[in-house]
Amino acid sequence: MSFPEPKPGLVVRYDYLWTHEAARGQDQGKDRPACLVAASDSVLRPRYVVLLPITHTPPSGDTVGIEIPAKVKAAIGLDDVPSWVIVSEHNVDEWPSGGVSPVPGKAGVFAYGFIPPSLFTKIKSEFVTLARQKKSAAVRR
């Protein structure tokens, strides 16, 4: 089993820890169906990545999310239920991470694939805007 290169736009299965879970003292999250690699530093060691959660729950309140088009979900093998990439919070974790698990039914495969560059650009832009405004909460793992 080898972990994929954590390139921005890659969708992986990961035990994302929500900020409200971390605030309660939890150190492990639910095994998310998928999370998006938003950033990676390939020069530093250890290597860290920024992971954004993908959820079926529509954003509300202060939560900001970008919906993933159905055809994108189908192309990378996600289910057909509407999903959003949440950009108002993120996890920062070392790579490779023990929180990454194989895609169901695909032993040794840890990634669903990549979202299209145009969608990633939109997600990244919103994420960076919120981060600069200090409106994107981080959980360091």
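Here is a short report on the structure shown in this document. (Residues numbered from 1 in each chain as written. Predicted model: local features only at pLDDT ≥ 70, side-chain atom pairs only at ≥ 80, totals over all residues. Heavy atoms only, no water.)

1. Focus on the pairing of strand β6 (residues 89–95)
- With six of seven residues buried, β6 lies mostly within the body of the structure.
- Inspection of the sheet shows strand β3 (residues 47–55) paired to β6 by five bridges, in the antiparallel sense. Across the sheet, R47 pairs through a bridge with W95, a residue of β6.
- Both β6 and strand β9 (residues 137–140) contribute to a ladder of four bridges, which runs parallel. What sits directly across from H90, in β9, is A138. (Buried < 20%, exposed > 50% of the residue type's maximum accessible area, 1.4 Å probe, protein only. Helix = DSSP H or I, 4+ residues; strand = E, 2+ residues; numbered from the N terminus. Pairing = 2+ DSSP bridges.)

2. Focus on the nonpolar core
- In terms of nonpolar packing, the biggest core is built from 23 residues, with V11, L36, L52, V85, I115 and I123 touching the most fellow members.
- For this core, the secondary-structure elements that each account for two or more residues are β2 (32–40), β3, β4 (65–68), α2 (70–76) and α3 (117–132).
- For this core, the leading source of residues is α3, giving five residues.
- When residues no more than four places from it in sequence are discounted, the contact partners of I115 are G9, V11, L36, V72, I76, F120 and I123.
- Core analysis: the next-biggest nonpolar cluster, separate from the first, contains 14 residues, C35, V49, W84 and V100 among them. (Core = buried A, V, L, I, M, F, W, Y, C linked by side-chain atoms within 4.5 Å. Contact = heavy atoms within 4.5 Å.)

3. Re the packing of aromatic side chains
- Scanning the model with the defined rule gives three aromatic pairs in all.
- Ring geometry for F3 against W95: centres 5.8 Å apart, planes inclined by 85°, an arrangement best described as edge-to-face. With F3 in the segment before β1 (10–14) and W95 in strand β6, this residue pair connects regions lying 92 residues apart in the sequence.
- The partly exposed category is assigned to F3, whose relative accessible area is 32%.
- The buried category is assigned to W95, whose relative accessible area is 8%.
- Aromatic side chains Y16 and W18 sit 4.9 Å apart centroid to centroid with 75° between the ring planes, which places their arrangement in the edge-to-face category. In this pair, the class of Y16 matches that of W18, namely buried.
- Ring pairs connect the aromatic residues F3, W95 and F110, which therefore count as one cluster. (Phe/Tyr/Trp six-rings, centres within 6.5 Å; stacked < 30°, edge-to-face > 60°.)

4. Section: the layout of surface pockets
- Taken as a whole, the largest pocket encloses approximately 260 Å³ of empty space.
- Lining of the largest pocket is provided by 15 residues; of these, W18, T57, T63, I86 and E89 occupy positions nearest its centre.
- Partitioning the lining of the largest pocket into residue classes produces five nonpolar, seven polar and three charged. (1 Å grid on protein atoms, 1.4 Å probe; cavity = no way out; pocket = protein on both sides within 12 Å on 5 of 7 lines; lining within 4 Å. Points joined across faces, edges and corners; volume = space filled by probe spheres on them. Nonpolar A, V, L, I, M, F, W, Y, C, P; charged D, E, K, R; others polar.)

5. Some words on the environment of W95
- The sequence separation of W95 and Y48 amounts to 47 residues, and the corresponding C-alpha distance is 5.6 Å.
- Dropping the residues within four chain positions of it, W95 is found in contact with F3, P4, P6, V12, R47, V49 and V100.
- There is a polar contact of 3.2 Å between the side chain of W95 and the backbone oxygen of P4. (Polar contact = N/O pair within 3.5 Å; in protein donor to acceptor, adjacent residues only side chain to side chain.)

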